[in-house]
2 protein chains.
Amino acid sequence: MRIRIDLAYDGTDFKGWAKQPGLRTVQGDLEAALQMALRTPQVSVTCAGRTDTGVHARGQVTHVDVYEETLQATAGRTQSPPMEALGKRLNGILASDLRVKSVTEAPEGFDARFSAVWRRYAYRVADRPETTDPLARNHVLPHRNELDLAAMNEAARVLIGQHDFASFCKKREGATTIRTLLDLHWYRDIEDRAVATVRADAFCHNMVRALVGCMIAVGEGRHEPSWAADVLSAAQRDPAVIVVPPQGLTLEEVGYPAPHLMAQQAELSRVKREAAAAEDTHG
Amino acid sequence: MRIRIDLAYDGTDFKGWAKQPGLRTVQGDLEAALQMALRTPQVSVTCAGRTDTGVHARGQVTHVDVYEETLQATAGRTQSPPMEALGKRLNGILASDLRVKSVTEAPEGFDARFSAVWRRYAYRVADRPETTDPLARNHVLPHRNELDLAAMNEAARVLIGQHDFASFCKKREGATTIRTLLDLHWYRDIEDRAVATVRADAFCHNMVRALVGCMIAVGEGRHEPSWAADVLSAAQRDPAVIVVPPQGLTLEEVGYPAPHLMAQQAELSRVKREAAAAEDTHG
């Protein structure tokens with residue numbers, strides 16, 4: 001059976017999501033905890049958004065396949081329902097910078113990665129000295145100069161929609177850089193920090209941090225808002241676009257379709273992915 | 001001249017406010033930074049609320065007396081106004097868990113400690129597993145069981161007002177334990193955490209954490225709400241009242257009177273303090 005595990009983590013002390021020998025990663029810690037909790041030698045976890053080193057998550061979604069008997073055996077020793085028991089056990093094993101928010105039975109056809117229809121990230125900047133909160137320093141980037149959010153939002157407008165984001169991506173062989181950016185805007189939160197909401201069907205590598213870097217250059221007055229359109233249409237990496245540090249970035253939420261559409265969405269993502277790969281390789 | 005310095009800090013890695021040889025403290029770090037920034041051999045900083053080891057602050061207020069020439073000399077090398085220049089310089093010297101929010105010239109008669117008319121603290125508890133945020137783990141206490149905030153607020157009501165809080169204080173010779181509790185209530189914040197607001201003219205040692213411990217015992221159903229009144233009227237430390245860990249506690253704000261009343265308030269605080277000490281010693 002497939003279970004869905006929702007996670008939150010402080011990425012500061014992780015070398016990103018993906019398991020790597022000898023390094024502390026979110027996947028590595030979670031799989032080790034699952035093996036211990038389920039007393040099973042091997043588990044493999046899939047996530048919705050593979051976060052980089054230093055990037056945080058409040059809404060990471062994962063799935064893992066387990067034998068129903070294994071799960072029942074784990075819960076059998078407690079009074080709680082099996083999913084709840086597993087969640088408690090995992091939080092007892094995991095360090096305090098990685099927390100299981102919930103464990104639930106996945107709907108038919110659910111795939112944490114391929115069923116997802118969008119990922120939403122936040123990038124937080126403390127650009128006014130009096131708003132720098134030492135209690136939030138792990139996930140908010142301090143910035144010397146105050147940013148012009150109106151100019152940044154003007155720059156953002158042309159980036160929304162379906163485009164080839166090659167200018168904002170680390171190029172990988174055999175992978176398309178066409179993405180649909182659903183939301184991109186800046187606002188001041190209740191703590192008076194500048195916060196970007198960035199939502200897309202999917203992101204290529206470094207894309208959120210390059211988009212934010214481009215807009216910050218505009219917000220500082222180093223470029224006009226129209227510069228973002230120039231960068232986008234060039235369709236190749238522009239060294240003037242700085243990839244901002246990971247510290248300010250948090251994966252906030254992953255969107256999924258209604259339960260009866262999970263399998264269909266997963267199939268659609270796989271077909272699109274294969275078509276894009278084929279196109280890249282052959283033409 | 002007297003300057004007011006507003007501070008925020010993550011108390012996790014500090015052994016509290018007060019300077020101690022060989023230990024990292026907020027006062028120690030700030031005084032060392034001031035000595036470096038002002039190129040002066042000796043400064044002495046006074047704060048509004050002497051926080052314990054592990055307690056945080058978003059609204060700590062301090063004052064320090066400096067020679068006007070020293071301040072001018074510091075700023076003379078920059079283009080900024082002297083107060084702003086000093087704030088920037090201090091933040092350049094201090095570690096990221098201690099931030100200067102503002103540096104301003106203190107009004108006539110201002111004393112960070114004695115002019116203060118109230119101190120407001122928040123105590124934050126994540127009592128629902130899905131609300132545990134690893135990004136906030138430094139300043140929010142995780143708690144296994146969900147708390148009954150209505151019962152806790154019922155317990156809180158009898159504690160508000162002027163009372164002898166000896167039951168909630170670590171007794172010190174020659175010091176009164178009579179305080180005026182101005183606010184004490186629990187609410188759920190936007191993250192669904194249980195948060196206590198605790199505001200008083202002043203607090204004796206451990207008082208906030210003992211009050212919170214008493215109310216948490218009620219919120220867990222270990223005691224009836226009326227127990228808080230019993231504890232208060234006993235007027236001596238009750239071992240059933242647990243002093244909760246410092247991690248959840250943050251000094252949020254210090255209240256001061258209008259500028260022209262600063263000196264008067266400071267004088268009043270000193271007189272009250274001396275009268276209480278005399279009473280304790282002699283009668």
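Procedures and definitions
Residues numbered from 1 in each chain as written. Chains lettered and ligands numbered in written order. Predicted model: local features only at pLDDT ≥ 70, side-chain atom pairs only at ≥ 80, totals over all residues. Helix = DSSP H or I, 4+ residues; strand = E, 2+ residues; numbered from the N terminus. Rg over C-alpha atoms; globule rule 2.2 N^0.38 Å. Buried ≥ 20, exposed ≤ 12 C-beta atoms within 10 Å, placed from the backbone. Contact = placed C-beta atoms within 7 Å. Least-squares fit on C-alpha atoms with pLDDT ≥ 70 in both. Domains from an automatic or database assignment. Nonpolar A, V, L, I, M, F, W, Y, C, P; charged D, E, K, R; others polar. Expected span 1.5 Å × (residues − 1).

**Thoughts on the overall build of chain A**
Along the backbone of chain A there are 7 helices and 10 strands. In summary, chain A has a C-alpha radius of gyration of 20 Å against a globular reference of 19 Å for 283 residues, a match within 12%. Each principal axis of the C-alpha atoms in chain A carries an extent, and together these give about 65 × 50 × 35 Å. Within chain A, buried positions represent 40% of all 283 residues. At a minimum sequence separation of 6, the contacts of chain A that also span at least 24 residues come to 70%.

**Looking at the interface of chain B and chain A**
On the chain A side, the residues contacting the 22 residues of chain B number 22 residues. Listing elements by their share of the side of chain B that touches chain A, those giving two or more residues are strand E1 (2–9), strand E3 (56–65), helix H3 (82–93) and strand E4 (98–105) of chain B. Per-element accounting of the side of chain B that touches chain A gives the leading share, 4 residues, to E4 of chain B.

**Some points on the environment of arginine 24 of chain A**
All names here are of chain A. With respect to the helices and strands, arginine 24 occurs in the loop between strand E1 (2–9) and helix H1 (26–38). Considering only alpha carbons, one finds arginine 24 and methionine 83, 59 residues apart in sequence, at a separation of 26 Å. Those residues in contact with arginine 24 that sit more than four places away from it in its chain are Asp13, Phe14, Lys15 and Asp29.

**Considering the relation of the copies chain B and chain A**
Expressed as a screw transformation, the operator carrying chain B onto chain A has a rotation angle of 180 degrees and an axial translation of 0.0 Å, and the superposed copies differ by an RMSD of 0.0 Å. What we have between these two chains is a two-fold relation. Minimal C-alpha separation from the rotation axis in chain B is found for alanine 136 of chain B, amounting to 3.7 Å. Most of the interface of chain B is mirrored in chain A, where 100% of its interface residues again form contacts.

**Details of unusual backbone geometry**
Residues and elements named next belong to chain A. A positive phi angle, close to 50 degrees, is found at arginine 39, a residue other than glycine. When you line up the elements, arginine 39 lands in the loop between H1 and strand E2 (45–47). Look at arginine 39 and you get exposed, because 9 C-beta atoms sit within 10 Å.

**What about the domain arrangement of chain A?**
All names here are of chain A. We note that the domain assignment places domain 1 (2–105) and domain 2 (118–254) within chain A. On a C-alpha basis, the centres of domain 1 and domain 2 stand 29 Å from each other. Listed as interface residues are 16 residues of domain 1 and, on the opposing side, 11 residues of domain 2. By residue class, the composition of the side of domain 1 that touches domain 2 is 4 nonpolar, 9 polar and 3 charged.

**Points about helix H5 (residues 207–219) of chain A**
All names here are of chain A. Under the 1.5 Å per step criterion, the end-to-end length of H5 is 18 Å for 13 residues, consistent within 8% with the ideal 18 Å. By the burial criterion, the buried members of H5 are Met207, Val208, Arg209, Ala210, Leu211, Val212, Cys214, Met215, Ile216, Val218 and Gly219. Taken together, the buried residues of H5 touch strand E5 (118–126), helix H4 (149–157), strand E8 (178–188), strand E9 (194–200), helix H6 (227–234) and strand E10 (249–255). Glycine 221 occupies a position one or two residues after H5 and carries a positive phi of about 85 degrees.

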